[in-house]
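Each chain is listed here by its residues.
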Amino acid sequence: MSDIAVEELARLRAFATRRLANPNGQQLCHHLDQTPWEAAIADAPLAPWEMSLGYHTPHWATLDEEQRLALNHWTYVMMYFRIGDGERFVVLVNDAVAGFLAQDDPQISALLKLEVHEEVDHIAAFVRVLDAVRRRHQMGFLRMPVKPLRPLIVSRPAVKFLVHTFGADFITTYFLGRGIVNHMGKAFETRVADLPGATPLTRLSMLHTVDENRHMAVSRMMAACTYQLLERRAHRSALYEALHEAMRRTTITYTFSDRITTGQERAMSHRALPQMKALSGLPRHALRELIDAHFDGVTGLEHAKNEFMPKFNQRLLDRAGLSLEEKRAWFSLLVSMQRNLRFFPEGYQPGTSVVEAFDELPVN
């Protein structure tokens, strides 16, 4: 095994010891219970203005203040809905991986179980907030469009099958993908937490980033050292290798394809925005044009992701417990699907280094 794998496994064990000795418990719901958070929704932006749906389109200049606020609040709802949706998948996979590792490494299994409890708390807290935002805009019950085949893919039987069939191969793929998703969400959430005029909701986002910093660290360490924890299969076959490659390609494509992810956000917006009271006076064709112009261009969220995530993704991929050939396959597939996003620094290729200095995110 590589020196990186040994180093990251040692870090992971030390990290697990510290976390399990002093777990913070379920803090987001407790924070909401202790603060007048609903008042923060009233007439203030919930995300930076430049992230609002439509902000970078010509249509923005034609909107009044309440309409702009509605579009800003919708960005907040859309992003935290998608973050929560991802966290539901994390709950399933972490739980399955924790069970898979329970005999081999009970300490790391317990760390992943702790993350499950944290994610359940995150989901419950943001469900409360998003319901309140929808009430603020007099939106009725809204069934959000989801990615194709989601009920099949995000299910306990499917996840258990993947973990037990592919073992370390799936676990490495999962944590490498989870790490990249962590970086994408962090690009949005740090901007929300840093909004001027601290409120219980900016504090909520800050508390969430504290947990997610830790989860990002676990993603990086697990992506690097899973093959140190669990041996690759002793007997491999051409059929298994083909299935493994199909699993990896499908996972990357389903998670990161711009066509799928932006398509979902566009569909969500077309369904939800006509329900918002402030936007109900806009002609339907004008609202459709605004939504399409937003997603056809480069959005404020994409600008934020492109500023934040490339160097972190480079470190994550560089240290992953994969062969150079496998890293190049990840890189090529991600870049082929990124459209307006930039997953990696300009000029980077696996096996090269374009980031000379790197500041780790705090994980205390």
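Residues numbered from 1 in each chain as written. Predicted model: local features only at pLDDT ≥ 70, side-chain atom pairs only at ≥ 80, totals over all residues. Heavy atoms only, no water.

Novice: So, the overall build of the chain: which residues are in play, and what are the values?
Specialist: When helices and strands are tallied, the chain shows 13 helices and 0 strands. When the helices and strands of the chain are placed in sequence order, the string is α-α-α-α-α-α-α-α-α-α-α-α-α. A compact globule built from 364 residues would reach a C-alpha radius of gyration of about 21 Å, and the chain, at 21 Å, matches this within 12%. C-alpha atoms of the chain, sized along the principal axes, occupy 65 × 45 × 45 Å. Burial statistics for the chain: of 364 residues in total, 54% are counted as buried. (Helix = DSSP H or I, 4+ residues; strand = E, 2+ residues; numbered from the N terminus. Rg over C-alpha atoms; globule rule 2.2 N^0.38 Å. Buried < 20%, exposed > 50% of the residue type's maximum accessible area, 1.4 Å probe, protein only.)

Novice: Explain the environment of Leu-28 to me, using residue names and the numbers behind them.
Specialist: Residue placement: Leu-28 occurs in helix 2 (residues 28-33). Considering only alpha carbons, one finds Leu-28 and His-122, 94 residues apart in sequence, at a separation of 6.2 Å. For Leu-28, the contacting residues outside a window of four places in its chain are Asp-121, His-122, Ala-125, Phe-126, Leu-204, Leu-207, His-208 and Asp-211. (Contact = heavy atoms within 4.5 Å.)

Novice: Kindly report on unusual backbone geometry, identifying the contributing residues and their values.
Specialist: In this structure, Gln-138 is a non-glycine residue whose phi angle is positive, near 55 degrees. Summarising the element assignment, Gln-138 is placed in the loop between helix 4 (106-136) and helix 5 (150-153). Residue Arg-339 is not a glycine yet carries a positive backbone phi of 50 degrees. Among the structural elements, Arg-339 can be located in the segment after helix 13 (324-337). Arg-339 sits in the partly exposed class, given a relative accessible area of 36%.

Novice: Can you tell me about the confidence of the model for the chain, naming the residues and giving the values?
Specialist: Per-residue confidence for the chain gives a mean pLDDT of 92, with 95% of residues at or over 70. Across the chain, helix 11 (residues 284-296) holds the top mean pLDDT of 97, while helix 5 sits lowest at 74. (pLDDT = per-residue confidence, 0-100.)

Novice: For the packing of helix 3 (residues 65-101) against helix 10 (residues 258-272), give the residues involved together with the corresponding values.
Specialist: One can describe the packing of helix 3 onto helix 10 by two numbers: an axis separation of 11 Å at closest approach and a directional angle of 130 degrees. Between helix 3 and helix 10, the interaxial angle falls into the category oblique. Once helix 3 is placed against helix 10, the crossing between them reads as right-handed. Residues Trp-74, Met-78, Met-79, Phe-81, Arg-82 and Asp-85 of helix 3 form the contact with helix 10, whose own contacting residues are Thr-261, Gln-264, Glu-265, Met-268, Ser-269 and Ala-272. When the residues that make up the contact of helix 3 with helix 10 are grouped by side-chain class, the tally is 6 nonpolar, 3 polar and 3 charged. (Axes fitted to C-alpha atoms, helices over the stretch in contact; angles between N-to-C directions. Parallel < 35°, antiparallel > 145°, perpendicular 65-115°, else oblique. Left-handed = near helix turned anticlockwise from the far one by under 90°. Nonpolar A, V, L, I, M, F, W, Y, C, P; charged D, E, K, R; others polar.)

Novice: Explain the packing of aromatic side chains to me, and be specific about the residues and the numbers.
Specialist: What characterises a pair of aromatic rings is the spacing of the ring centres plus the angle enclosed by the ring planes. Summed over all chains, the structure comprises 14 aromatic pairs. Look at Tyr-174 and Phe-175: their rings are 4.6 Å apart centre to centre, the planes differ by 65 degrees, and that puts the pair in the edge-to-face class. Taken as a pair, Tyr-174 and Phe-175 share a single burial class, namely buried. Ring plane angle 80 degrees and centroid distance 5.7 Å describe the contact between Phe-331 and Tyr-348, whose orientation is recorded as edge-to-face. Taken as a pair, Phe-331 in helix 13 and Tyr-348 in the segment after helix 13 lie far apart in primary sequence, 17 residues in all. (Phe/Tyr/Trp six-rings, centres within 6.5 Å; stacked < 30°, edge-to-face > 60°.)

Novice: Summarise helix 4; cite the residues concerned and give the values.
Specialist: Residues that lie three or four places apart on an α-helix share one face, since the helix turns once every 3.6 residues. With 31 residues, helix 4 ought to run about 45 Å at 1.5 Å a step, and its terminal C-alpha atoms sit 46 Å apart, in line with that. Just downstream of helix 4, Gln-138 is the residue with a positive phi angle, here 55 degrees. (Expected span 1.5 Å × (residues − 1).)

Novice: Summarise the packing of helix 7 (residues 168-193) against helix 12 (residues 300-319); cite the residues concerned and give the values.
Specialist: As a packed pair, helix 7 and helix 12 sit with axes 8 Å apart at the nearest point and diverge in direction by 145 degrees. Note that helix 7 runs across helix 12; the crossing there is right-handed. Each of Leu-176, Gly-179, Ile-180, His-183, Met-184, Lys-186, Ala-187, Phe-188 and Arg-191 in helix 7 lies in contact with helix 12, whose residues at this interface are Leu-301, Ala-304, Lys-305, Glu-307, Phe-308, Met-309, Phe-312, Asn-313, Leu-316 and Leu-317. Here the residues of the contact of helix 7 with helix 12 are counted per class, giving 12 nonpolar, 3 polar and 4 charged.

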